[in-house]
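Listed here are the chains, written in short residue letters.
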Amino acid sequence: MQFDSTNKPIGIKRIRLAFKNSQRAFTWLAKHESAFKQELILLVLAIAVVFVWQITLYEKIMLLISVLFVMFAEVVNTAIEAAIDRIGLEIHPLSGLAKDLGSAAVLIALTICALVWGGVFVNSLG
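To keep things clear, this report deals only with the structure shown in the data block. (Residues numbered from 1 in each chain as written. Predicted model: local features only at pLDDT ≥ 70, side-chain atom pairs only at ≥ 80, totals over all residues. Heavy atoms only, no water.)

**Regarding the overall build of the protein**
Put simply, the rule is: Strands are runs of DSSP state E lasting at least two residues, helices are runs of H or I lasting at least four, and both sets are numbered from the N terminus onward. The cut-offs for exposure are 20% and 50% of the maximum accessible area for each residue type, with area from a 1.4 Å probe on protein chains only; residues under the lower value are buried, those over the upper are exposed, and the others partly exposed. The contact criterion used throughout is that any non-hydrogen atoms of two residues lie within 4.5 Å. Residue exposure ignores everything except the shown protein chains as possible cover, and the areas themselves are Shrake-Rupley values with a 1.4 Å probe.
On a plain count of helices and strands, the protein comes out with four helices and zero strands. Listed by position from the N terminus, the elements making up the protein come as α-α-α-α. C-alpha extents for the protein along the principal axes are approximately 60 × 40 × 25 Å. With 126 residues in all, the protein has 22% of them scored as buried. In the protein, the share of contacts with a sequence separation of at least 24, taken over all contacts with a separation of at least 6, comes to 65%. About 9400 Å² of surface is accessible on the protein, with carbon and sulfur atoms providing 70% of the total.

**Let's talk about a nonpolar patch on the surface**
Rule in force here: What goes into a patch is any residue over 30% in relative accessible area without a salt bridge, connected to like charges within 9 Å or, for nonpolar side chains (Val, Leu, Ile, Met, Phe, Trp, Tyr), within 5 Å. By salt bridge we mean one thing: a side-chain nitrogen of Lys or Arg within 4 Å of a carboxyl oxygen of Asp or Glu.
A contiguous nonpolar surface patch, about 450 Å² in accessible area, is contributed by Phe69, Phe72, Val76, Ile108 and Ile112. Broken down by secondary-structure element, the contributors of at least two residues to the nonpolar patch are helix 3 (57–87) and helix 4 (93–125). The element best represented in the nonpolar patch is helix 3, accounting for three residues. Looking at the element boundaries, Ile108 is found in helix 4. With relative accessibility at 51%, the residue Ile108 sits in the exposed group.

**Examining the nonpolar core**
Stated formally: In this text, buried Ala, Val, Leu, Ile, Met, Phe, Trp, Tyr and Cys residues form a nonpolar core when linked through side-chain atoms within 4.5 Å.
In this structure, Leu29, Phe36, Leu43, Ala46, Val67, Val70, Met71, Ala73, Val106, Ala109 and Cys113 together form the largest nonpolar core, which totals eleven residues. At the level of elements, helix 2 (34–52), helix 3 and helix 4 are the ones that each hand at least two residues to this core. In contact with Ala46, not counting residues within four places along its chain, are Leu64, Val67 and Trp117. Counting residues in each nonpolar core, the second largest holds five residues, with Val50, Trp53, Ile55 and Leu63 among its members.

**Some points on the side chain of Glu39**
Spelled out, the test is: Residues counted as positive are Lys and Arg, residues counted as negative are Asp and Glu, and His and the chain ends are not counted.
Along the chain, Glu39 falls in helix 2. Buried and unpaired, Glu39 has Lys37 as its nearest opposite-charge partner, separated by 12 Å.

As structure tokens, this is what we get:
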């Protein structure tokens, strides 16, 4: 099947199809990616903490954004891994590098998340 760039959906139909594709991707991630499952649990816990923690609205938003950023990095990492695996399963240095770079992106996102949560916690003490 060839991709037809001249016959792409537009308007509300495009938005509906994009949402459907995203929903399918989230469902797949929740079923097959253990890291994403852990991050979903982290998001649920973060939402619960944000509702009870007496901090500013800005801080609450930053805390949730930091967790969502981790999830974003995980989605991109999984996409890189899927694309590399689609190309071929043989071991190749560039394939390994691409996967390692995706993993590094997740590590950076986790570090940012930890710094934001730590900063808000320290700020809330004083």
